[in-house]
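# Fold and geometry: a report
Okay, here's what each chain looks like letter by letter:
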Amino acid sequence: MTQEKKYDFLIVGAGLFGSVFAREVTDAGYSCLVIDKRNHIAGNCYTREEEGIQVHQYGAHIFHTNDEKVWTYVNRFTKFNKYRHMVEVNFRGKLLSFPINLKTLQQLYGVNNETNAVKHLESVREEITGKDFESWAKQQVGAELYEIFIKGYTEKQWGRPASELPSAIIKRIPIRTTANDDYFDDTYQGIPIGGYTSLVENMLSGIDVQLGVNYLDNKKEYDNMANSIVFTGPIDAYYGYQFGALAYRGLKFKQQTLETDSFQNTAVVNYTEAEIPFTRIIEHKKFDYQKSNKTIVTKEYPTEWCKGEEPFYPINDAANKTLYEKYRLLSNSEPNVIFGGRLAEYKYYDMHQVIASALTKSASTINFLK
Ligand SMILES: Cc1cc2nc3c(=O)[nH]c(=O)nc-3n(C[C@H](O)[C@H](O)[C@H](O)COP(=O)(O)OP(=O)(O)OC[C@H]3O[C@@H](n4cnc5c(N)ncnc54)[C@H](O)[C@@H]3O)c2cc1C
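Residues numbered from 1 in each chain as written. Predicted model: local features only at pLDDT ≥ 70, side-chain atom pairs only at ≥ 80, totals over all residues. Heavy atoms only, no water.

### Concerning the pattern of salt bridges
Formally: Here, a salt bridge means any side-chain nitrogen of Lys or Arg that lies within 4 Å of a carboxyl oxygen of Asp or Glu. Secondary structure elements follow DSSP: runs of H or I no shorter than four residues count as helices, runs of E no shorter than two count as strands, and numbering proceeds from the N terminus. When accessible area is computed with a 1.4 Å probe and restricted to protein chains, residues below 20% of their type maximum are described as buried, those above 50% as exposed, and intermediate ones as partly exposed.
A complete count under the given rule lists 18 salt bridges for this structure. In this structure, lysine 151 and glutamate 134 form a salt bridge, with 3.6 Å as the shortest nitrogen-oxygen distance. With a shortest N-O distance of 3.9 Å, lysine 294 and glutamate 259 are connected by a salt bridge. Linking lysine 294 in the loop between strand 13 (280-283) and strand 14 (295-304) with glutamate 259 in the loop between strand 11 (248-258) and strand 12 (268-271), this pair joins segments that are 35 residues apart in sequence. We classify lysine 294 as partly exposed; its relative accessible area is 25%.

This is how it looks when you write it as structure tokens:
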């Protein structure tokens, strides 16, 4: 005789994937419990208030999308401000407009109109062959712009020479010949007023949540609590790393409170020199125009990642893709477990993409159960 289980779904991970899935199945009439091994909800987009400022604990998070359905969905749970993401580059102490645009070319070479910007870019592009990242980038912007904006930053980010990286790590280098220096082109952009944590808190309203508990430490016990599991943690950890660990790039954050009301012009300034060990400085209050006599800044240091540390960026090289595929095939044999989100799918997802994915997977699950 099968025992009646307490919940329809146990959702492992209170990040965006788990929280959207939980909201959708709850609204469709199913019961669920959400658990997270961290002592807070919202996963990697978690924000917390300090000195009246919303601090982005796991790196700067800017919501941007062209997906109207996702935008309408998130606006059900919070209001967004009208933040438009602007980034400056600090190269040898000089501040430059970024992505490369007419203003940048004016700052560096005195180029003063669109026609001359097009001509300038055509004249510097290198006609070299080679499929590595460095050759590909020089084909797009030439050697000097590549040195200033891309080489040092990319090498710090990935921890190896750009000539050894595949060109696929960046889909395209955004270059504009107009003076538009918006970082993103997306129609919908903003930061949740009151932070991402309150967005997720509203999403999880009325749903059972347990924090500070690791599913894998008590898997049997948790499995007995629900008919289906939604797992948003690392897929290799779920399977006890039986084929080996998937590799990630790590990040360390150094946060400082400064006795000044403003530290830099924009919320994010990229430091592109190879000699400076961090890649960027975030000034948190600039995301939501918060007024305070103090300011909080965070430096981001890319690091080598070791198993057991916080995973940040998946390394999408051939060896890791093959390894992930082995785990994915294994997961097909477990019809009662749904794997979703950045860690379970070993995929870099932006927030709007992970929300869209959770909406699709929850809808097909609900349909299947009807
Ligand atoms: C530095 C950085 C900056 C980013 N900036 C942006 C940005 O500007 N804009 C944007 O759109 N996206 C950005 N992203 C991407 C964004 O963070 C992700 O899209 C989003 O967080 C993915 O949500 P998720 O639910 O898949 O994963 P997560 O948020 O990681 O949630 C998974 C949760 O599962 C929990 N968990 C794992 N294993 C277990 C276990 N065994 N038991 C219990 N709980 C477990 C974890 O603690 C975690 O809370 C950024 C990512 C990084 C790394």
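### Focus: the nonpolar core
Going by this rule: The set of buried Ala, Val, Leu, Ile, Met, Phe, Trp, Tyr and Cys residues whose side-chain atoms join them within 4.5 Å is what this entry labels a nonpolar core. Just so you know, the domain bounds were taken from an automatic or database domain assignment.
If you look at the biggest cluster of nonpolar residues, it comprises 100 residues, and the most contacted ones within it are Leu10, Phe63, Phe149, Tyr215, Phe287 and Ile355. Residue contributions to this core peak at 10 residues, all from helix 5 (residues 133-158). Each of domain 1 (7-46 + 192-246 + 315-369) and domain 2 (87-169) gives at least three residues to this core. In terms of nonpolar packing, the next biggest core, distinct from the first, is built from eight residues, Tyr271, Ile276, Phe278 and Val297 among them.

### Quick notes on the domain arrangement of the protein
Segmenting the protein into domains produces domain 1 (7-46 + 192-246 + 315-369) and domain 2 (87-169). Spacing between the C-alpha centres of domain 1 and domain 2 amounts to 38 Å.

### As for unusual backbone geometry
Residue phenylalanine 98 is joined to proline 99 through a cis peptide bond whose omega torsion reads 0°. One can find proline 99 in the loop between strand 7 (94-98) and helix 3 (102-109). Phi at glutamate 51 takes a positive value of approximately 55°, unusual for a residue other than glycine. On the secondary structure map, glutamate 51 appears in the loop between strand 3 (47-50) and strand 4 (53-56).

### Description of the packing of helix 1 (residues 16-27) against helix 6 (residues 196-203)
The axes of two packed helices give the description: the angle between them and the distance between them. To be explicit about the condition: Each axis is a line fitted through C-alpha atoms, and for a helix only the stretch in contact is used; angles between axes span 0 to 180 degrees, taken between their N-to-C directions. The cut-offs work like this: below 35 degrees is roughly parallel, past 145 is roughly antiparallel, 65 to 115 is roughly perpendicular, and the gaps in between are oblique. We call two residues in contact when some of their heavy atoms are within 4.5 Å. Three classes are used: nonpolar for Ala, Val, Leu, Ile, Met, Phe, Trp, Tyr, Cys and Pro, charged for Asp, Glu, Lys and Arg, and polar for all others, with Gly counted as polar.
Direction vectors running N to C along helix 1 and helix 6 enclose 30°, while the axes themselves pass 9 Å from each other. With respect to each other, helix 1 and helix 6 are oriented roughly parallel. Side by side, helix 1 and helix 6 meet where Leu16, Ser19, Val20 and Arg23 of the first sit next to Val200, Asn202 and Met203 of the second. The class makeup of the residues in the contact of helix 1 with helix 6 is four nonpolar, two polar and one charged.

### A short note on the layout of surface pockets
Rolled over the atoms, a probe as big as a water molecule pinpoints where empty space is left. We apply this condition: Detection works on a 1 Å grid of protein atoms alone, calling trapped sets that fit a 1.4 Å probe cavities and calling open sets with protein on both sides within 12 Å along at least five of seven lines pockets, with lining residues defined by an atom within 4 Å of a point. Grid points are joined across faces, edges and corners, and a volume is the space filled by probe spheres set on the points.
The volume enclosed by the second largest pocket comes to roughly 410 Å³. Secondary structure elements with two or more residues in the lining of the second largest pocket: helix 9 (318-331), strand 16 (337-339) and helix 10 (351-369). A per-element tally of the lining of the second largest pocket places helix 10 first, with five residues. Broken down by class, the residue content of the lining of the second largest pocket amounts to 10 nonpolar, six polar and three charged.

### Some points on the sheet that holds strand 10 (residues 226-231)
Using the following cut-off: At least two bridges found by DSSP between two strands is the condition for calling them paired.
Pairing in this open sheet of five strands is parallel, and the strands run 9-2-1-10-16 from one edge to the other. Sheet topology places strand 9 (208-211) and strand 16 at the edges, where each strand pairs with a single neighbour. Each strand axis lies, on average, 20° off the axis of its neighbour in the sheet, ignoring direction. In this sheet, strand 2 (residues 32-36) lies alongside strand 1 (residues 7-12) in parallel orientation, the contact comprising four bridges. When the sheet's bridge partners are listed, leucine 10 is paired in strand 2 with leucine 33. Against the sheet, helix 1 contacts strand 1, strand 2, strand 10 and strand 16, and its axis sits at roughly 165° relative to strand 1.

### Comments concerning helix 3
Here is the rule we go by: Arc, as used here, means the arc of the directions from the helix axis to the C-beta atoms. Throughout this description, a polar contact denotes any pair of N or O atoms lying within 3.5 Å of each other; where both atoms belong to protein, one of them has to be capable of donating a hydrogen while the other can accept it, and for residues adjacent in sequence the pair is counted only when both atoms sit in side chains.
Every buried residue belonging to helix 3 is among Leu102, Thr104 and Leu105, and all of these are buried. Viewed along the axis of helix 3, the buried residues span an arc of 155°, placing them on a single side of the element. Of the surrounding secondary structure, the elements contacted by the buried residues of helix 3 are strand 7, helix 4 (114-124) and helix 5. Where helix 3 begins, one side-chain oxygen reaches toward the backbone nitrogen of lysine 103, 2.8 Å away; that side chain belongs to asparagine 101.

### Details of the sheet that holds strand 15 (residues 313-314)
Whether parallel or antiparallel, the strands of a sheet pair through hydrogen bonds between backbone atoms. Strand order in the open sheet formed by seven strands is 7-6-12-13-14-11-15, and the pairing between neighbours is mixed. Of all the strands in the sheet, just strand 7 and strand 15 have a single pairing partner and so form its edges. Looking at chain direction, strand 11 and strand 15 are connected through two bridges and run antiparallel. Bridge assignment links arginine 249 to a residue of strand 15, and that residue is tyrosine 313. Contacting strand 6 (87-91), strand 7, strand 11, strand 12, strand 13, strand 14 and strand 15, helix 5 crosses the sheet at an angle of about 90° to strand 7.

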